[in-house]
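One letter stands for each residue in the lines below.
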Amino acid sequence: MTIPEDLRPFDVEGGRVGVLFCHGFTGSPRSMRPWAQAVADAGYTVSVPRLPGHGTVWQELNVTSWRDWYDHADAAYRALQERCEQVFVAGLSMGGSLALRLAEQHTDVAGLLLVNPALGAVDPLARFAGVFKYLVPSTPAIANDIAKPDQDEGAYAHTPVAGVHELHKLWADVKSCLDLVTCPVLLCRSDIDHVVPTSSSDTIKRLISSDDITEVRLADSYHVATLDHDAPMIVSSSIDFLARVGDH
């Protein structure tokens, strides 16, 4: 299978501070490329891996576990560590969940840059994915929740139900250890999000142990805010955060 260029992993060598970018569930590196490129243009080394089960066909995500996603992100983090003196982790939606788990497992994560991080779903039926996966392989797509016209995050046209069950396993694991997150956090959240409830960000703020949390409200964007009207605000906030927290 030929994977389009903008769905493939994206890496730029820059300075001695690195940033790992993790995309969302059913999504692809396309949703992160403009954000990552802007950070790279500011002089940072960036890495945007394509998580297992993503960027190919939705059926592949139904046979991929959450530990596959995390292990891939963890390997990318370690690879950045070998090239950089300091590494931050950025994540959108499920990518935010993975970023939080990396910070739980690695005390040397320099900081987190989270955009609409997910620890739950707006759809009340999502919690029953463990049962539904035996009945239906997929449901309608949750992709492209974007207010800005003509944007495409490169996500699947179907939502793999077994994959959603794995997503819930990831969320349960991450929520159980949020108190281990002590690094500085930039938390960007959309006022209107049709995919992830506001309770996810509220839970993160309440349970992490960090005493350095910068919250940015995105008034003109939906869930995939990295491709939405407020993307420039995410970029500027990220570069300010990296400059303030990073070891220059």
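Note that the coordinates shown come from a computational prediction; the quantities given were computed from them, not determined experimentally.

## Some remarks on the pairing of strand β3 (residues 45–48)
So, step 1. Residue alternation in β3 divides its side chains into two sets, Thr45 and Ser47 and Val46 and Val48, and both sets are buried.
So, step 2. Summarising the sheet, strand β1 (residues 10–12) and β3 pair through three bridges and their orientation is antiparallel. Residue pairing across strands places phenylalanine 10 opposite valine 48, the latter belonging to β3.
So, step 3. The pairing of strand β2 (residues 17–22) with β3 spans three bridges and is classified as parallel. By the bridge assignment, glycine 18 is partnered in β3 with threonine 45.
So, step 4. Considered for its hand, the β-α-β crossover made up of β2, helix α1 (residues 33–41) and β3 is right-handed.

## Details of unusual backbone geometry
So, step 1. Even without a glycine there, the phi angle at threonine 26 is positive, about 65°.
So, step 2. You can see threonine 26 is positioned in the loop between β2 and α1.
So, step 3. At aspartate 150, a position not held by glycine, the phi torsion is positive, near 60°.
So, step 4. With respect to the helices and strands, aspartate 150 occurs in the loop between β6 (138–140) and β7 (158–160).

## Regarding the sheet that holds β1
So, step 1. Taken in spatial order, the seven strands line up as β1-β3-β2-β4-β5-β8-β9 in an open sheet, and their pairing is mixed. The sheet is open, and its two edges are formed by β1 and β9 (213–218), each paired on a single side. Direction aside, the axes of adjacent strands within the sheet are offset by 15° on average.
So, step 2. As defined by bridge partners, strand β5 (residues 112–115) adjoins strand β8 (residues 185–190) across four bridges and the pair is classed as parallel. Its bridge partner lying in β8, valine 115 is registered against cysteine 188.
So, step 3. The strands touched by helix α3 (residues 66–83) within the sheet are β1, β2, β3 and β4 (86–92), with β2 carrying the most contacts at an inclination of about 165°.
So, step 4. Across the face of the sheet, helix α8 (residues 231–245) comes into contact with β2, β4, β5, β8 and β9 while running at roughly 170° to β9.

## As for the nonpolar core
So, step 1. Counting 45 residues, the largest nonpolar core has Leu20, Trp69, Val89, Met94, Leu100, Leu112 and Leu170 as the members making the most contacts within it.
So, step 2. Elements with a minimum of two residues in this core: β2, α2 (58–61), α3, β4, α4 (94–105), β5, α6 (161–175) and β8.
So, step 3. In terms of residue count, the dominant contributor to this core is α3 (seven residues).
So, step 4. Among all residues touching valine 89, those that are not within four sequence positions of it are Leu20, Cys22, Tyr77, Ala99, Leu102, Val109, Gly111, Leu112 and Leu113.

## Digging into the packing of aromatic side chains
So, step 1. Here the structure, examined in full by the defined rule, presents three aromatic pairs.
So, step 2. Ring plane angle 80° and centroid distance 5.0 Å describe the contact between phenylalanine 21 and tryptophan 35, whose orientation is recorded as edge-to-face. One end of the pair, phenylalanine 21, is in strand β2; the other, tryptophan 35, is in helix α1, and 14 residues separate them in sequence.
So, step 3. For phenylalanine 21, a relative accessible area of 1% translates into the label buried.
So, step 4. The class of tryptophan 35 is buried, set by a relative accessible area of 2%.
So, step 5. For the pair phenylalanine 88 and phenylalanine 241, a centre-to-centre distance of 6.1 Å together with 75° between the ring planes defines the contact as edge-to-face. Linking phenylalanine 88 in strand β4 with phenylalanine 241 in helix α8, this pair joins segments that are 153 residues apart in sequence.

Reading the values: the criteria
Residues numbered from 1 in each chain as written. Predicted model: local features only at pLDDT ≥ 70, side-chain atom pairs only at ≥ 80, totals over all residues. Heavy atoms only, no water. Buried < 20%, exposed > 50% of the residue type's maximum accessible area, 1.4 Å probe, protein only. Helix = DSSP H or I, 4+ residues; strand = E, 2+ residues; numbered from the N terminus. Pairing = 2+ DSSP bridges. Right-handed = clockwise from strand over helix to strand, strands pointing away. Axes fitted to C-alpha atoms, helices over the stretch in contact; angles between N-to-C directions. Contact = heavy atoms within 4.5 Å. Core = buried A, V, L, I, M, F, W, Y, C linked by side-chain atoms within 4.5 Å. Phe/Tyr/Trp six-rings, centres within 6.5 Å; stacked < 30°, edge-to-face > 60°.

Nothing here speaks to function; it is all geometry.
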